[in-house]
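Next come the chains, spelled out residue by residue.
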Amino acid sequence: MTKTTDIDYEDIQGLVRFGHGQLSASAFLLLKIADLEAARRWLNSAAITSATESTPAPQSALQVAFTAPGLRALGLAEDLVEQLSDEFVSGLGGDTNRSRRLGDTGSNAPQHWRWGGSAETTPHLLLMVYADPTRLDSLLTSIREPQFEQAFTQLAELVSRHNGPREPFGFVDGISQPLIDWQQQVSTDLHQRDRYSNRLALGEVLLGYRNEYGLYTERPLLNPLDVDRDDALPDAEDQPQLLDLGRNGTYLVLRQLAQDVRGFWQFVDDQAGADPQQREQIAAAMVGRQRDGTPLIAAAGEAIDGSEPSDRQNHFTYARDPHGHGCPIGAHVRRANPRSGDFPVGVDNWLSRLVRTLGFGRRHHGDDLVASSRFHRLLRRGRIYGVELTPEQALQAAADDSEERGLHFICLGANISRQFEFVQNAWCASSKFAGLPSESDPLLGNREPLLNAAPTDHFSIPRAGAPARCIQGLPQFVRVVGGAYFFMPGIKALRFITR
Ligand code: HEM
């Protein structure tokens, strides 16, 4: 047991606990602070939705998060800003090495972004407004009263009119999420969690709690003597003599991803020789699930911690499919979460662990190539945008592709570099994932050749008893058009920052 204190849901922003799925419309306002005093007043009294459960569910929700320039603009002391993580402080679009690692090169490069690619276009804050589709516009009008207009200027407004279950390529999304260990009942002791588990330590999502290493992520801590009211912030769990500005807060990654729905289905159709059944199979192999969300892997026979056998959509791992005959190794969902444990199946006592740790006893050449999933989980909270174009419509010659559609990809996590950046870089963008050559994520890849001119635009579908089918010349289907790293504070921390 690692539980030390009860959870104060009142202090946590609701988006961490709920996706607000019943509020299917949303507007994400990207704002700059125009008038500091007006901004502080507005933010300090804003009715931010907390993570407390309420029945009936709320009719609307409001969440807020800040970039590092935004925290500075609000007057937060520089030493506190700098105690937040380096990647947050330097920003998503602010470092060419980071951009290269994340695949933000070529047409994905920050200099082409509509927002977030330069200091001028990087917002100070993100205001997230959720409502029923019939109420979104009136809610936005009521928010934009004179004090708000005085406080902020708007860089962009990312609207999602209706967040259905399917993302724009037509696949059911949002099926797999980690199960957060809110009660902190599961041991974070390394070696008690050798196998894949869907349960995730609270400190992987929120700052101020133990993470999967049993440690506390770095975050801004204050001496109570430096604060006018010592009840303004929660105590630091690991250093109770200090106040914790990070506790109950999380980092939020927002990337605006435009999807070429027509290009995707027409390419897949060409590869399938216009055969509808093959078309579905190739598309499903690229995603790693069928369009209706059915996994390409049979449900696991063994127990998976944090996953119920009745949840047929998620009760599986890839342990019994080492060669990718069921689900290709390079499929999007297998890259984004390889469902790997600290050790492969069969390694469950000190001797077999020792043997593996020394590099012996491998059953498959890929056994040790993929890191353990539990250190790299993402809590996804994205919303789709644009008018729906079904795969059938996309295949018609006169398909309308003038309107942009895509995903406002959002993920939350306590460690941007170990979670979002690792998944995006080492698992999705990498053309060496799990030993695969020449291919990156079939959905997300930017298809840019490597520095040594090696291609990255292949996708292989392994087949039992036959050579893998290798699809070549994949075009780019997803383009990054904006993005930023935000810090979504706990509600007491928000009041403190804007006091
Ligand atoms: C437009 C871009 C994207 C599309 C169309 C897309 C589509 C999908 C779909 C259809 C699923 C399966 C549904 C599910 O398992 O919940 C999925 C799962 C997932 N995606 Fe994406 N995705 C996109 C971008 C990203 C990005 C940028 C990341 C992270 C870097 C990501 C990470 C994940 C993860 C972690 C899962 C769950 C895998 C699992 O736990 O089995 N996705 N995505």
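Residues numbered from 1 in each chain as written. Predicted model: local features only at pLDDT ≥ 70, side-chain atom pairs only at ≥ 80, totals over all residues. Heavy atoms only, no water.

**Looking at empty space enclosed by the protein**
Within the structure shown, the criterion is met by 2 cavities of 30 Å³ or more. Together, 12 residues line the largest cavity, and Asp181, Val186, Thr188, Ala201 and Leu202 are the ones closest to its centre. Broken down by element, the residue count for the lining of the largest cavity peaks at 3 residues, all from strand S6 (residues 199-201). Grouping the constituent residues of the lining of the largest cavity by class yields 4 nonpolar, 3 polar and 5 charged. As for the second largest cavity, its lining consists of Tyr251, Val253, Leu378, Cys411, Leu412, Gly413, Asn415, Ile416, Gln419 and Phe420. (1 Å grid on protein atoms, 1.4 Å probe; cavity = no way out; pocket = protein on both sides within 12 Å on 5 of 7 lines; lining within 4 Å. Points joined across faces, edges and corners; volume = space filled by probe spheres on them. Helix = DSSP H or I, 4+ residues; strand = E, 2+ residues; numbered from the N terminus. Nonpolar A, V, L, I, M, F, W, Y, C, P; charged D, E, K, R; others polar.)

**Details of the side chain of Arg339**
Residue position: Arg339 is located in the loop between helix H11 (332-336) and helix H12 (350-357). Here Arg339 is buried and forms no salt bridge, its nearest opposite-charge partner Asp311 lying at an N-O distance of 7.5 Å. Excluding anything up to four places from it in sequence, Arg339 contacts Ser176, Tyr196, Arg289, Asn314, Phe316, Thr317, Tyr318 and Ser373. (Buried < 20%, exposed > 50% of the residue type's maximum accessible area, 1.4 Å probe, protein only. Lys, Arg positive; Asp, Glu negative; His and termini not counted. Salt bridge = Lys/Arg side-chain N within 4 Å of Asp/Glu carboxyl O. Contact = heavy atoms within 4.5 Å.)

**Things to note about helix H10 (residues 276-287)**
Helix length check: H10 (12 residues) gives 17 Å between terminal C-alpha atoms against 16 Å at 1.5 Å per residue, within 8%. Residues of H10 that are buried in the fold lie against helix H9 (261-271), H11, strand S13 (459-463) and strand S14 (466-471). After H10 finishes, the residue Gly288 shows a positive phi value of roughly 100°. (Expected span 1.5 Å × (residues − 1).)

**Here we look at a negative patch on the surface**
Among the surface-exposed residues, Asp79, Glu82, Asp86, Glu218 and Asp226 lie close enough to one another that they form a single negatively charged patch. Checked against the element boundaries, Asp86 lands in helix H5 (residues 86-90). Residue classification places Asp86 among the exposed positions, given a relative accessible area of 61%. (Patch = residues over 30% accessible without salt bridge, like charges linked within 9 Å, V, L, I, M, F, W, Y side chains within 5 Å. Areas by Shrake-Rupley, 256 points an atom, 1.4 Å probe, with all protein chains shown as cover. Charge placed at Lys NZ, Arg CZ, Asp CG, Glu CD.)

**What about the site of the ligand?**
Around the ligand sit 26 residues, and of these Ile175, Ser176, His332, Arg339 and Arg380 come closest. A distance of 3.3 Å is found between an oxygen atom of the ligand and a backbone nitrogen or oxygen belonging to Gly174. With respect to the ligand, the side chain of His332 contributes an N or O atom lying 3.0 Å from a nitrogen atom. If you list the elements that add at least two residues to the shell around the ligand, you get strand S9 (250-259), H11, strand S12 (406-413) and helix H14 (417-429). Tallied by class, residues from the shell around the ligand come to 15 nonpolar, 6 polar and 5 charged. Lining the shell around the ligand are residues from two domains, each supplying at least three of them: domain 1 (9-254 + 483-497) and domain 2 (258-376 + 423-481). (Near = heavy atom within 4 Å. Polar contact = N/O pair within 3.5 Å; in protein donor to acceptor, adjacent residues only side chain to side chain. Domains from an automatic or database assignment.)

**Description of the coordination of the iron atom of the ligand**
The sole protein-derived ligand of the iron atom of the ligand is His332 (NE2), positioned 2.1 Å away. By the secondary structure assignment, His332 is in helix H11. (Donors = N, O, S within 2.8 Å, 3.2 Å for Na, K, Ca; no water.)

**Some thoughts on the domain arrangement of the chain**
For an interface, size is often stated in terms of accessible area lost upon the parts coming together. Split into domains, the chain comes out as domain 1 (9-254 + 483-497) and domain 2 (258-376 + 423-481). Across the contact, 34 residues belong to domain 1 and 45 residues belong to domain 2. Carbon and sulfur atoms make up 53% of the surface buried where domain 1 meets domain 2, a total of about 3,600 Å² over both sides. Broken down residue by residue, the surface that domain 1 buries against domain 2 is led by Phe169, Phe171 and Tyr196, which jointly contribute 26%. With a closest N to O distance of 2.7 Å, Arg374 and Glu212 form a salt bridge. On the surface where domain 1 and domain 2 come into contact, there are 20 residue pairs in polar contact (both at pLDDT 80 or more). When residues of the side of domain 1 that touches domain 2 are traced back to their parent elements, those giving at least two are helix H6 (96-102) and S6. For the side of domain 1 that touches domain 2, a count of residues per class yields 13 nonpolar, 10 polar and 11 charged. (Buried area = accessible area lost by both parts, 1.4 Å probe.)

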